[in-house]
Amino acid sequence: MVVGAFPMAKLLYLGVRQLSKPLANRIKAGARRSQFFKTYICLPPAQLYHWVEMRTKMRIMGFRGSAIKPLNEEAAAELGAELLGEAIIFGVGGACLLFEYSRQAGNTRRKEEEQSGSMASLHQEVGELALTVEALQAQLREVSRQLGTVDTLTGQVRCLQTQLEALTACPKK
């Protein structure tokens, strides 16, 4: 069994994703502790997520136009930290997908370049062979012409031999 590059790359990507989970958890913990992260990074997406979720649930249940109360700061910070952690994991997974896609595209492009290069060399060889065939055909025509000349001369020699034999066969007077 041959271990190729693809299974190793897959294993590497899985390892990166597994390492991103503790990183996401650490960032979530830092976001919970830091007032800046809590105020500007965690709370706005959490409140927006809560608003969209509750609005959707209310519409599904048939309550239109009901006012939605925002989450308290602690619950919003927790939800925002969870959203941030999930976004990080999703981002790492997306980056892995993009990297794999670009790697596969590079391999495909390299194979196409190799095929086009071999096709070009084959076209060049066919062209050279066509020139060689034309040269051989020209030589064949020349040899045929010379053979025709030799055949004509052979025929003339035979004719002269027959005439000479005819002359030598006649009795002398």
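Residues numbered from 1 in each chain as written. Predicted model: local features only at pLDDT ≥ 70, side-chain atom pairs only at ≥ 80, totals over all residues. Heavy atoms only, no water.

- In the annotation of an unreviewed UniProt entry, the entry for the protein reads Outer mitochondrial membrane lipid metabolism regulator OPA3, and the organism field reads Ornithorhynchus anatinus.
- The UniProt entry for the protein carries the following text under Sequence similarities (unreviewed entry): "Belongs to the OPA3 family."
- For the record of the protein, the UniProt heading Function (unreviewed entry) holds the text "May play some role in mitochondrial processes." (UniProt positions renumbered as here; feature names shortened; annotations may be inferred.)

### Some words on the overall build of the protein
- When helices and strands are counted, the protein shows 3 helices and 0 strands.
- Over its C-alpha atoms the protein spans a radius of gyration of 45 Å, topping by over 25% the 16 Å that the globule rule assigns to 173 residues.
- By its C-alpha atoms, the protein is 150 × 45 × 30 Å across when sized along the principal axes.
- Residues classed as buried in the protein amount to 14% of the 173 residues present.
- Put simply, 77% of the contacts in the protein that link residues at least 6 apart link residues at least 24 apart.
- When the accessible surface of the protein is split by element, carbon and sulfur atoms take 66% of a total near 14000 Å².
- Each charge class in the protein can be summarised by its mean position, and for the 22 positive and 16 negative side chains these summaries are 9 Å apart. (Helix = DSSP H or I, 4+ residues; strand = E, 2+ residues; numbered from the N terminus. Rg over C-alpha atoms; globule rule 2.2 N^0.38 Å. Buried < 20%, exposed > 50% of the residue type's maximum accessible area, 1.4 Å probe, protein only. Contact = heavy atoms within 4.5 Å. Areas by Shrake-Rupley, 256 points an atom, 1.4 Å probe, with all protein chains shown as cover. Lys, Arg positive; Asp, Glu negative; His and termini not counted. Charge placed at Lys NZ, Arg CZ, Asp CG, Glu CD.)

### Details of the nonpolar core
- Grouped together as the largest cluster of nonpolar side chains are 6 residues: Ala24, Ala31, Cys42, Leu84, Ile88 and Ile89.
- In terms of residue count, the dominant contributor to this core is helix α3 (residues 73–169) (3 residues).
- When near neighbours in sequence (up to four residues on either side) are disregarded, Ile88 contacts Ala24 and Ile27. (Core = buried A, V, L, I, M, F, W, Y, C linked by side-chain atoms within 4.5 Å.)

### Describing the pattern of salt bridges
- The full count for this structure, using the stated rule, is 4 salt bridges.
- Between Glu53 and Lys57 there is a salt bridge, and its shortest N-O distance comes to 3.5 Å. With Glu53 and Lys57 both in helix α2 (residues 35–61) and 4 residues apart, the pair spans about one turn of that helix.
- According to the relative accessible area criterion, Glu53 is partly exposed, its value standing at 30%.
- Of the residues examined, Lys57 reaches a relative accessible area of 42% and is grouped as partly exposed.
- The salt bridge partner of Arg145 is Glu142, with a shortest N-O separation of 2.3 Å. One end of the pair is Arg145 and the other is Glu142, both in helix α3 and 3 residues apart, which spans about a single turn. (Salt bridge = Lys/Arg side-chain N within 4 Å of Asp/Glu carboxyl O.)

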